[in-house]
Amino acid sequence: MVKAYLRYEALSTFGVIASTQSNIVYDHTGKIAITPALEEVILWDLKKGAQVGKWRESGNKSEVTCIAKSPNKKDVAVGYNDGTIRIWNMKSSTSTVTLSGHRAAVTALAFDNNGTRLASGSKDTDLIIWDIISESGLYRLKGHKDQITCLAFLDTKDANEEVGISNEGYVLSSSKDTLIKLWDLSAQYCRETMVGHRSEVWSFAVSKDQKVIISGGAEAQLKAWKIDWKILGLSLEELGQENKENGDSPSTEKAITAYGQIPRQSRDRIVTIKFHPSGKFLGVQANDRAIELFKVREHEQIRKKIQRRKKRAKEKGKDATEISEDIQAEDEFTNESMVRTPAKVRSFDFASVADVDKAGNVQILASLNNNTIESYTVPINVSKKSEEAEEPSRLHSIDIPGHRSDIRALALSSDDELLVSASNNLLKIWNVKTRSCIRSIECGFALCSSFLPGNKHVLVGTKTGELELYDIGSSSLIESVKAHDGAIYSLQVRPDKRGFATGSADKDVKFWDFDMTQDKSSNTKRLTFIHMRTLKMSDEVLCVRYSPDQNLLAVSLLDSTVKVFYHDTLKFFLSLYGHKLPVLSMDISSDNTLIATCSADKNVKLWGLDFGDCHKSLFAHQESVMSVQFVWGTHYFFTVSKDKTVKYWDGDKFENIMKLEGHHGEVWALAVAKHGSFVITGSHDRSMRIWEKTDEQLFLEEEREKELEELYENTLVSQMEKADVNDDMEVDSAGKQTMETLKAGERLIEAIDIGDEEKNGWAAYEAAKARGLPGQPPQRNPILLAMGDLTPDRYVLNVLQKIKANELEEALMILPFSKVMSLLSYIESWAKKVKGK
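Summary of the structure given here. Fair warning: this is a prediction, and the values are worked out from it, not measured in the lab. (Residues numbered from 1 in each chain as written. Predicted model: local features only at pLDDT ≥ 70, side-chain atom pairs only at ≥ 80, totals over all residues. Heavy atoms only, no water.)

Turning to the nonpolar core, a few remarks are in order. Judged by nonpolar contacts, the single largest core of 24 residues is most densely connected at Leu748, Ile752, Tyr795 and Trp830. Taken together, the elements giving at least two residues each to this core come down to helix H6 (700-720), helix H7 (739-770), helix H9 (792-801) and helix H11 (817-836). A per-element tally of this core places H7 first, with 8 residues. Beyond its immediate stretch of four places on either side in the chain, Trp830 contacts Asp793, Val796, Leu797, Leu800 and Leu823. Tyr5, Tyr648, Ile657 and Trp691 belong to the second largest nonpolar core, which has 20 residues in total. (Core = buried A, V, L, I, M, F, W, Y, C linked by side-chain atoms within 4.5 Å. Buried < 20%, exposed > 50% of the residue type's maximum accessible area, 1.4 Å probe, protein only. Helix = DSSP H or I, 4+ residues; strand = E, 2+ residues; numbered from the N terminus. Contact = heavy atoms within 4.5 Å.)

Mapped onto the fold, Asn781 is located in the loop between H7 and helix H8 (782-786). Of note is the side chain of Asn781, whose polar atom sits 2.9 Å from the backbone nitrogen of Ile783. Beyond its immediate stretch of four places on either side in the chain, Asn781 contacts Ile754 and Glu758. (Polar contact = N/O pair within 3.5 Å; in protein donor to acceptor, adjacent residues only side chain to side chain.)

Bringing H7 into the picture now. For H7, with 32 residues, the first-to-last C-alpha span of 46 Å sits near the 46 Å given by 1.5 Å per residue. At the C-terminal side of H7, Gly772 shows a positive phi close to 80 degrees. (Expected span 1.5 Å × (residues − 1).)

Attention shifts here to the environment of Ile398. Assignment of secondary structure puts Ile398 in strand S29 (residues 393-398). Taking relative accessible area as the criterion, Ile398 reaches 2% and is therefore assigned buried. Considered as a pair, Ile398 and Glu468 are 70 residues apart in the sequence and their alpha carbons are 27 Å apart. Apart from residues no more than four positions distant in its own chain, Ile398 is found in contact with Ile17, Trp44, Asp45, Leu46, Gly49, Thr372 and Ile373.

Further remarks concern the sheet that holds strand S15 (residues 170-175). Pairing is antiparallel in the open sheet, where 4 strands are placed in the order S14-S15-S16-S17. In this open sheet, the two edge strands, each paired with only one partner strand, are strand S14 (148-154) and strand S17 (189-194). For this sheet, the mean inter-axis angle between neighbouring strands, taken without regard to orientation, is 20 degrees. In the sheet, S15 pairs with strand S16 (residues 180-184) via 5 bridges, with the strands oriented antiparallel. If you follow Tyr170 over to S16, its bridge partner there is Asp184. (Pairing = 2+ DSSP bridges. Axes fitted to C-alpha atoms, helices over the stretch in contact; angles between N-to-C directions.)

This part is about the packing of aromatic side chains. Across all of its chains, the model carries 20 aromatic pairs by this definition. Relative to Trp430, the ring of Phe14 lies with its centre 5.1 Å away and its plane at 65 degrees, an arrangement referred to as edge-to-face. With Phe14 in strand S1 (residues 5-14) and Trp430 in strand S31 (residues 418-431), the pair connects residues that are 416 residues apart, well separated along the chain. Here Phe14 matches Trp430 in class, with each residue buried. For the ring pair Phe348 and Phe350, a centre distance of 5.5 Å and an interplane angle of 90 degrees mean the geometry is edge-to-face. Site record: aromatic cluster; members linked through ring pairs are Tyr5, Tyr8, Tyr636, Phe638 and Tyr648. For the cation-ring pair, Lys226 lies above Tyr259, with the distance from its terminal atom to the ring centre recorded as 4.6 Å. Of note, Lys674 hangs over the ring of Trp632, and the distance from its end group to the ring centre comes to 4.0 Å. (Phe/Tyr/Trp six-rings, centres within 6.5 Å; stacked < 30°, edge-to-face > 60°. Lys NZ or Arg CZ within 6 Å of the ring centre and 35° of its normal.)

Attention now goes to the sheet that holds strand S38 (residues 508-518). For sheets, the rule is that strands pair by backbone hydrogen bonds, running either parallel or antiparallel. With respect to topology, 4 strands assemble into an open sheet ordered S36-S37-S38-S39, the strand pairing being antiparallel. Every interior strand has two partners, whereas the edge strands, strand S36 (488-493) and strand S39 (525-536), have only one. Each neighbouring strand pair of the sheet contributes to a mean axis angle of 25 degrees, computed without reference to strand direction. Across 5 bridges, the pairing between S36 and strand S37 (residues 499-504) is antiparallel. Directly across from Val493, in S37, lies its bridge partner Phe500.

On the surface, Phe817, Met821, Leu824 and Ile827 cluster together into a nonpolar patch covering about 430 Å² of accessible area. Here Met821 is to be found in helix H11. (Patch = residues over 30% accessible without salt bridge, like charges linked within 9 Å, V, L, I, M, F, W, Y side chains within 5 Å. Areas by Shrake-Rupley, 256 points an atom, 1.4 Å probe, with all protein chains shown as cover. Salt bridge = Lys/Arg side-chain N within 4 Å of Asp/Glu carboxyl O.)

All told, the structure shown has 28 salt bridges when counted by the stated rule. The salt bridge partner of Glu696 is Arg7, with a shortest N-O separation of 3.1 Å. Placement of Glu696 in strand S54 (residues 688-698) and of Arg7 in strand S1 is noted, with a sequence separation of 689 residues between them. Here Glu696 falls in the partly exposed class, since its relative accessible area comes to 40%. Salt-bridge contacts for Lys819 lead to Asp753; the nearest nitrogen and oxygen are separated by 3.1 Å. Of this pair, Lys819 sits in helix H11 while Asp753 sits in helix H7, placing them 66 residues apart in sequence. Judged by relative accessible area, which is 16%, Lys819 ranks as buried. Residue class for Asp753 comes out partly exposed when judged on its relative accessible area of 35%. One salt-bridge network, in which partners are shared between bridges, spans Glu39, Glu40, Lys54, Arg56 and Arg689.

Attention now moves to the pairing of strand S45 (residues 594-599). Among the 6 residues in S45, 6 count as buried, and that is most of the element. Of the two faces of S45, the one lined by Leu594, Ala596 and Cys598 and the one lined by Ile595, Thr597 and Ser599 are each fully buried. Where strand S44 (residues 583-588) lies against S45, 5 bridges are found, and the strand directions are antiparallel. Directly across from Ser585, in S45, lies its bridge partner Cys598. Where S44 folds back onto S45 in an antiparallel hairpin, the turn is made up of 5 residues, including Asn592, whose phi is positive at roughly 65 degrees. Sheet topology places S45 next to strand S46 (residues 603-608); 5 bridges connect them, and they run antiparallel. By the bridge assignment for S46, Thr597 is matched with Lys605. Linkage of S45 to S46, two consecutive antiparallel strands, is achieved through a turn of 3 residues, within which Lys602 is found at a positive phi near 75 degrees.

Following this line, the structure appears as structure tokens:
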């Protein structure tokens with residue numbers, strides 16, 4: 001009889017407010033923040049501090065790497081780590097379009113002014129222009145030699161002068177190859193390359209009137225460039241003609257010229273540069289804890305400033321003619337204020353309020369590197385009469401629903417209703433059903449945690465050797481005891497619920513009993529714990545585990561061994577050795593017969609507790625295995641590892657039942673519900689994931705087959721990828737082969753085969769009839785009959801119509817020549833039918 005298991009599926013992800021791989025954007029109202037949360041996008045209401053929407057594509061495991069909102073105020077383009085771009089609708093929270101073209105993570109997105117075209121740049125160095133209306137790629141532009149970091153459309157309609165050879169407009173792109181390129185979209189070529197930067201260009205912004213570009217990289221200053229639309233409006237022939245008349249060499253006149261440098265305060269590399277929607281302010285954010293705000297001065301003010309400068313020079317007796325009349329970039333852009341944040345800023349966005357003078361302030365939304373979102377209001381000093389300039393103030397902050405750092409420990413309450421998660425300096429209690437954070441308490445650097453009997457208290461062991469006891473009801477620290485001289489790596493409540501044991505780096509295992517003590521302040525009794533006895537070990541203690549019948553105590557040491565003692569007498573019973581590196585975690589099955597140990601040597605070993613013999617050694621993961629836990633009442637167990645995966649095993653058959661993928665960082669912690677109804681994992685990516693047991697049956701042979709199929713499909717797609725024959729070409733087709741395009745092409749080939757077979761059968765029958773030969777009418781294809789007695793033409797058309805617009809070109813590339821000829825004959829008959837109508 002083949003054994004059937006029950007499948008675990010990802011139920012939900014929580015704990016992430018804003019991940020660090022992507023930027024953050026305001027919606028068009030300025031009330032909702034659209035933030036990346038690993039593979040999801042979350043919409044936060046800033047005023048309420050609550051989640052109002054979540055965008056997730058089922059089956060997608062790739063992280064969000066870029067977000068851009070469309071000018072139509074409805075759509076948002078989201079780029080992912082696997083090179084796909086999805087267009088999400090704000091109202092319906094659905095993704096209607098998926099665009100596949102990039103071979104690596106999407107790093108830059110920009111819409112044109114109408115929201116009909118989208119430019120995307122990637123780590124694969126290509127720039128693709130997409131048509132949003134027809135949902136397909138127009139063309140791919142090649143020229144950069146490294147990752148594209150920022151994109152912007154230049155629209156000729158917005159420029160004040162009457163120009164326009166290129167009615168398609170232009171695109172500016174910056175890259176880590178130190179270059180900024182200007183692409184002409186009508187002729188699809190690189191019109192100009194700006195080479196002023198000496199290091200990677202990380203961001204740039206174009207002013208509202210499209211006359212100035214501000215760009216920045218690792219240099220101490222920002223660079224400003226001027227766009228001359230008159231030169232940009234000339235074709236290359238006209239430009240050459242004009243230069244000949246002026247006696248210049250044909251290539252000297254550039255449409256984009258250096259305007260000067262703008263000093264900035266931060267010394268770190270630039271991350272984001274953005275103009276305020278009003279065009280009056282410029283925001284600059286480097287890789288540190290501040291956002292600099294620059295004011296864009298009007299030319300009238302600058303002229304007055306130059307006059308004042310001359311006057312001052314005269315008063316000092318200097319020559320006023322030495323002072324230049326020309327307006328410099330640093331005259332036009334002056335430092336207005338500085339927004340300081342509690343942690344490093346990952347990205348920022350301005351609220352889309354065009355009339356800032358009426359509002360009296362500028363609103364800035366920032367996502368920080370420590371999993372928080374903050375919005376600030378920066379007052380604008382219109383009149384200089386106010387003695388003291390107002391400081392920027394924090395308007396909203398969202399930090400409750402997530403940890404600031406890695407989640408190091410997880411524990412479930414005895415009824416599986418509550419979850420405690422602990423990280424450096426923060427302890428959070430969560431409701432498992434609603435995934436909402438009920439309590440948030442400051443603590444030490446937590447390494448292990450547990451609910452105490454009654455589920456009203458939480459005990460935490462810290463890196464400094466403290467045992468901290470918290471009361472959940474009052475969210476307060478009741479007691480803190482310096483229990484060990486080293487880090488407390490492990491603690492476990494005794495099966496009889498009357499005490500617990502702790503293991504530490506000071507080579508001690510200590511045993512504690514619960515007790516009640518009189519509280520001095522309130523005269524009520526409260527819970528406490530008393531140290532009963534100590535077991536001294538030869539090396540640092542990494543993990544302590546009781547057997548469920550409380551007969552044995554297993555202790556894992558830094559010398560890679562596990563020592564098993566009798567609990568009552570602490571007499572030595574067994575030594576389990578075989579791991580090459582220390583055992584990081586272990587667990588004993590509910591029937592007290594098996595102990596599973598997981599180690600930094602990537603192996604899990606299963607031992608019998610009667611003689612200490614190793615039943616099986618499993619090469620479980622690609623990295624250190626951080627935690628192992630049995631499902632109560634079975635010999636099934638879960639392991640989590642630094643290789644970002646969670647695995648489900650059968651301890652009797654020594655088989656891997658399932659591999660659960662989803663985390664984007666090392667998985668540190670694991671908590672299994674009492675009877676395995678769900679599993680919760682905590683990770684370096686600051687997320688917690690719930691994996692729920694479903695009713696769907698799973699067979700090991702099928703799982704292995706699926707894994708092989710996936711492996712084959714992945715290699716198949718990479719083989720189908722076109723070898724870049726035209727590497728020197730600047731323009732290429734936008735699409736790329738994916739599994740979807742391959743399957744679409746195969747479906748079309750099958751449809752053409754069925755159609756051809758039907759057509760040829762009838763043609764042979766008609767020919768026989770014409771010759772007067774006796775002929776049997778061919779048998780109709782059952783598929784065509786099942787579809788409603790379709791003609792071959794209609795059937796092929798139906799299959800073709802079901803292929804998505806952005807997959808069609810690549811799907812047609814798969815067709816062999818004979819099928820292409822057949823398809824052309826079908827197209828001819830469709831055209832005739834339409835003409836006939």
